[in-house]
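# Chains, contacts and geometry: an overview
As a plain string of letters, each chain reads:
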Amino acid sequence: MTLTNRDIADLFERISDLLEIKGEIIHRVLSYRRASESIRDVPRDLRVIAREGGLTDIPGIGKTLAEKIEELLETGKLEFYEKLTAEIPATLVDVMRVTGVGPKKAAMFWKERGITDLASLEKSARSGRLRDLPKMGEKSEANIIAGIEMLSRRTGRTPLGQAYPAAQAMLDALRELPQAAEGAIAGSIRRGRPTIGDVDLLVAVSSMDDAPAIMEAFVAQERVARILGQGPTKSSVELVNGLQVDLRVLERERWGTALAYFTGSQQHNIRMRERALERGLSLNEHAFSPIDDNRQIIEGAPKILCRTEEEVYAAVGLPWIAPELREDAGEFDAAESNTLPDLVTLDALQGDLHMHTTWSDGSASIREMAEAALAAGRKYIVITDHSRGAVIANGLSIERLLAQQAEVRAVDAEMNGRIRVFHGTEMDILADGSLDFPDDVLEQLDFVVASLHVSLRQPREQITRRLLNALENPHVDLIGHPRGQLIPDREPADLDMDAVFEAAARSGTALEINSNPQRLDLEAQYARRAVEMGIKIAIDTDAHRTTELHYLSYGVLTARRGWVSTRDVLNALPVNEFLAWAAGRGR
Ligand code: DGT
Ligand code: CA
Ligand code: CA
Ligand code: ZN
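Below, the structure is looked at part by part. As the structure is a prediction and not an experimental result, all values here were calculated from the model.

## Some points on the coordination of the zinc ion (ligand 4)
Within the protein, the atoms that donate to the zinc ion (ligand 4) are Glu-426 (OE), His-453 (NE2) and His-481 (NE2), at distances of 2.1 to 2.3 Å. In terms of primary sequence, the donors binding the zinc ion (ligand 4) are separated according to E-x26-H-x27-H. Note that His-453 is positioned in the loop between β13 (447–451) and α20 (460–472) and His-481 in the loop between β14 (478–479) and α21 (497–507), a separation of 28 residues in sequence. For His-453, a relative accessible area of 25% translates into the label partly exposed.

Pasting the structure below:
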């Protein structure tokens, strides 16, 4: 079996984990991790790049790593890895994936208790053999058992932030073909799910004679690692990053029917079919067909083909329903009673209220972020670097924070009204629940984001209390990434969300939908609950570099899945109304 880019990226990640367990210098650990990440983003087969001699052009790949990649491509093996795993069991990296177990603990469990994999870890934890080790106890033992259970619930789904750009690039290439009349991404990406099982692409042609040309071009794309199936109407491929992509080609006349069907969700489709049956029609991916009293399709009766989705919904007596709502979660009742939400759009967003600069852990200056946000169409931004407690993120002391204000004001003046630049902070909510800056400092800022970054595994009551403390402070305007999850690997904090929503509604504090595709936090179902309670939502990028300012579209998808309308969104306000909102909050 030939190795794909994903196989090699996975191996490098494994090596970096093993080196960390072994206690290697951090520089070496990180060089493998960086290489792994950068290989995952390479859109072409490494084999081809190697042949061209271009491996060292990949960011993070030097001469040594390039040689290792070549060895893997040629032999399917890596001597360095074989030696390493003779020293340390390879399955220890699974132990390290359990929440609360880092490389140091994994090494300790192995050396002190002979634990080599998840099964032996679970056995030891359940039989109470870990509690007597240094820095362990009954509680951490119970946490390990819970962590193992969580791990087994995780699936092989791909984060939206990886699947979406790949799907879009594939589609763009197909749409350039003269035979392609229509093209779309369907399935869970179109519905904006945070993780994706596989990619579903649709292309319409004027005549099915044109279908083979589309299929040929599809399977010949550079990022395709293997062809799983190729037929006249459907083909499936696996990409170099491991993602599966299905393409269906169909006649233009039934574009609407097919697009609605393959957008799903499956539950939504089932309800659509039920509604069709009530109207004497059978619905499948091709067409509506008239049925008789025994629900048999009437031979020879004309079928209804729909060119647009609007026609499909009209055939079952409904207005068009936005894809993000198609989860059978109340959208049929809302459509029936004409109370579908006026969903927020990317164009409606005027501001971005959360971003970082070189003052803390960002990679661009205030001026560079302002210019890039202007180019992206924003009318105002808030600079929110980390606070002093966030030491690893180079958080700002009070002195540096106040010094930063002068630079923000200067950049704001330089931008000359083309975009407004405001001064804020992303302040840590400390482990004991107190806030990282005193009120007399917060008072001097235009906008305050407060976030949980540390001690995210505290018990429910304790961590909820921390968030409530922040919500009760009149200077805190927004809670950043409220639940603290990371996709796909970190579970959210164990928060009492009812208490959080009640407090936010009472204090008028806004809650964030963080658009970084690794976060998408609040998730849709919580955002929906928040707006039902009248809480304002801010859709922010949390950008740490200029190229992350485009993340906003992922946040918008998530908001729309959460039934968030434009009037619910704080940063959809024009700048003067935004300032008035902030001024009305005790400042
Ligand atoms: P995924 O890929 O797991 O992230 O989720 P989807 O929703 O993209 O699911 P997928 O790729 O299996 O199918 C795409 C759409 O096609 C799905 O949302 C609804 C439709 N579909 C597929 N199979 C069935 C089926 O057996 N029954 C119905 N009603 N619809 C189906
Ligand atoms: Ca899919
Ligand atoms: Ca599929
Ligand atoms: Zn943060």
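## Re the pairing of strand β15 (residues 510–514)
Within β15, 5 of the 5 residues are buried, leaving the element largely enclosed by the surrounding structure. Of the two faces of β15, the one holding Ala-510, Glu-512 and Asn-514 and the one holding Leu-511 and Ile-513 are both buried throughout. Sheet topology places β14 next to β15; 2 bridges connect them, and they run parallel. Across the sheet, residue Leu-478 finds its bridge partner in β15, namely Ala-510. Relative to strand β16 (residues 537–540), β15 runs parallel, the two sharing 4 bridges. Bridge assignment links Ile-513 to a residue of β16, and that residue is Ile-539. For the handedness criterion, the β-α-β arrangement of β15, helix α22 (residues 524–532) and β16 is classed as right-handed.

## Structural notes on the coordination of the calcium ion (ligand 2)
At this site the calcium ion (ligand 2) is bound by Asp-198 (O), Asp-198 (OD) and Asp-200 (OD), with donor distances of 2.2 to 2.5 Å. Taken together, the 6 donor atoms surrounding the calcium ion (ligand 2) define angles of 70 to 165° at the centre, an arrangement classified as irregular. A distance of 3.7 Å spans the gap from the calcium ion (ligand 2) to the calcium ion (ligand 3), which Asp-198 bridges by coordinating each metal. Look at Asp-200 and you get buried, because its relative accessible area is 12%.

## Focus on the site of ligand 1
If you check the shell around ligand 1, you find 16 residues, and the closest are Arg-157, Ser-188, Arg-191, Gly-197 and Asp-198. In this structure, an oxygen atom belonging to ligand 1 sits 3.0 Å away from a side-chain N or O atom of Asp-200. Between ligand 1 and Asn-269, the relevant distance is 3.4 Å, taken from a nitrogen atom to a side-chain nitrogen or oxygen of the residue. For ligand 1, whose free accessible area comes to 600 Å², the fraction covered by protein is 73%. When residues of the shell around ligand 1 are traced back to their parent elements, those giving at least two are α11 (187–190), α13 (255–263) and α14 (266–278).

About the criteria used
Residues numbered from 1 in each chain as written. Chains lettered and ligands numbered in written order. Predicted model: local features only at pLDDT ≥ 70, side-chain atom pairs only at ≥ 80, totals over all residues. Heavy atoms only, no water. Donors = N, O, S within 2.8 Å, 3.2 Å for Na, K, Ca; no water. Helix = DSSP H or I, 4+ residues; strand = E, 2+ residues; numbered from the N terminus. Buried < 20%, exposed > 50% of the residue type's maximum accessible area, 1.4 Å probe, protein only. Pairing = 2+ DSSP bridges. Right-handed = clockwise from strand over helix to strand, strands pointing away. Tetrahedral: all angles 85-135°; square planar, octahedral: opposite > 155°, others 65-115°. Near = heavy atom within 4 Å. Polar contact = N/O pair within 3.5 Å; in protein donor to acceptor, adjacent residues only side chain to side chain. Areas by Shrake-Rupley, 256 points an atom, 1.4 Å probe, with all protein chains shown as cover.

On their own, these measurements won't tell you what the molecule is for.
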